[in-house]
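# Summary of the model geometry
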Amino acid sequence: IKGVFFDNFVASVKGEILPSSFSCIRISDGKIDASYRDKTLDVQTLSLNSDSFTIRTIGAKVKGKGIDLGYELKVNNLSLVSEFVPNTSFGGKLEAEGKVQGEINKPKVTLSADVSDFEFDEEYKAKSIEIRGEGTLDLNNPNLDTEININKISIKDSNFESANLI
């Protein structure tokens, strides 16, 4: 955030997020506790809850061109994804957490995600998927090293015990 106005700007907000909706997502509730002081945005709490998902930041700070953000995401039913990707059918549950740190235009990211009872268009299924990743999100040269472990896989009429992708 730049400009003379923001040099000495101080603000804070703490409160509840009331039921609302945007696009096809209905928010049941949430919380926010954030402040801006000394050119630093500090988000102690930001959480959104719905029937389909919960998302929460953990100690987010944005100062100058830097970011330090932790997050947790739980999606109770991946059919939510189908709302954004027409003509697809997703199923399963997702739990993910991670961090975004460093320069805003090319932060280092870490990701840990677990998917259970995954389905895609009824032809692709997996009992569990574990994803672990780390890398840099540079728009010009993204780099994400991931390890993906998939268990009890069904692809159309073929079944596999597991697959590991590195």
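Reading the values: the criteria
Residues numbered from 1 in each chain as written. Predicted model: local features only at pLDDT ≥ 70, side-chain atom pairs only at ≥ 80, totals over all residues. Heavy atoms only, no water. Core = buried A, V, L, I, M, F, W, Y, C linked by side-chain atoms within 4.5 Å. Buried < 20%, exposed > 50% of the residue type's maximum accessible area, 1.4 Å probe, protein only. Helix = DSSP H or I, 4+ residues; strand = E, 2+ residues; numbered from the N terminus. Contact = heavy atoms within 4.5 Å. Patch = residues over 30% accessible without salt bridge, like charges linked within 9 Å, V, L, I, M, F, W, Y side chains within 5 Å. Areas by Shrake-Rupley, 256 points an atom, 1.4 Å probe, with all protein chains shown as cover. Salt bridge = Lys/Arg side-chain N within 4 Å of Asp/Glu carboxyl O. Lys, Arg positive; Asp, Glu negative; His and termini not counted. Charge placed at Lys NZ, Arg CZ, Asp CG, Glu CD. pLDDT = per-residue confidence, 0-100. Pairing = 2+ DSSP bridges. Axes fitted to C-alpha atoms, helices over the stretch in contact; angles between N-to-C directions.

The biggest cluster of nonpolar side chains holds 16 residues, and the ones touching the most others in it are Phe53, Val75, Leu78, Leu94, Val115, Phe118 and Ile129. Among the secondary structure elements, those contributing two or more residues to this core are strand S3 (25-27), strand S8 (90-103), strand S9 (108-120), strand S10 (124-136) and strand S11 (143-155). For phenylalanine 118, the contacting residues outside a window of four places in its chain are Leu78, Phe90, Gly91, Gly92, Tyr124, Lys125, Ala126 and Ile129.

On the surface, Glu119, Glu122, Glu123 and Asp157 cluster together into a negatively charged patch. For glutamate 123, the location among the structural elements is in the loop between S9 and S10.

Bringing the pattern of salt bridges into the picture now. All chains considered together, the criterion is met by 6 salt bridges. Across the pair arginine 56 and glutamate 72 runs a salt bridge whose closest N-O atoms are separated by 2.9 Å. Separated by 16 residues along the polypeptide, arginine 56 in strand S6 (residues 53-63) and glutamate 72 in strand S7 (residues 66-75) bring together distant segments of the chain. Among the residues examined, arginine 56 registers a relative accessible area of 37% and is labelled partly exposed. Judged by relative accessible area, which is 27%, glutamate 72 ranks as partly exposed.

Our next topic: the confidence of the model for the protein. With 96% of its residues at a pLDDT of 70 or more, the protein has an overall mean of 90. The weakest mean pLDDT in the protein belongs to helix H1 (residues 4-7) at 67; the strongest belongs to S9 at 96.

Two faces belong to every sheet, and in a regular strand the side chains alternate between them. As paired elements, strand S1 (residues 11-17) and strand S4 (residues 29-37) share 7 bridges and run antiparallel to each other. Bridge pairing links lysine 14 to aspartate 33 in S4. In terms of strand pairing, S4 meets strand S5 (residues 40-49) through 9 bridges, oriented antiparallel. Each bridged residue has a counterpart across the sheet, and for alanine 34 the counterpart in S5 is valine 43. Counted between consecutive antiparallel strands, the loop separating S4 from S5 contains 2 residues, among which aspartate 38 sits at a positive phi close to 50 degrees.

This paragraph deals with the sheet that holds S9. With respect to topology, 10 strands assemble into an open sheet ordered S1-S4-S5-S6-S7-S8-S9-S10-S11-S12, the strand pairing being antiparallel. In the strand order of this sheet, the two ends are held by S1 and strand S12 (158-165), each with one partner. The sheet shows a mean angle of 5 degrees between the axes of neighbouring strands, taken without regard to direction. Bridge analysis of S6 against S7 gives 9 bridges, and the strand direction is antiparallel. Looking at S7, one finds that valine 62 is bridged to isoleucine 67.

What follows is about the pairing of S7. What sits between the antiparallel neighbours S6 and S7 is a turn of 2 residues, in which glycine 64 has the positive phi angle 55 degrees. Bridge count between S7 and S8: 10 bridges; the pairing is antiparallel. Its bridge partner lying in S8, isoleucine 67 is registered against glycine 102.

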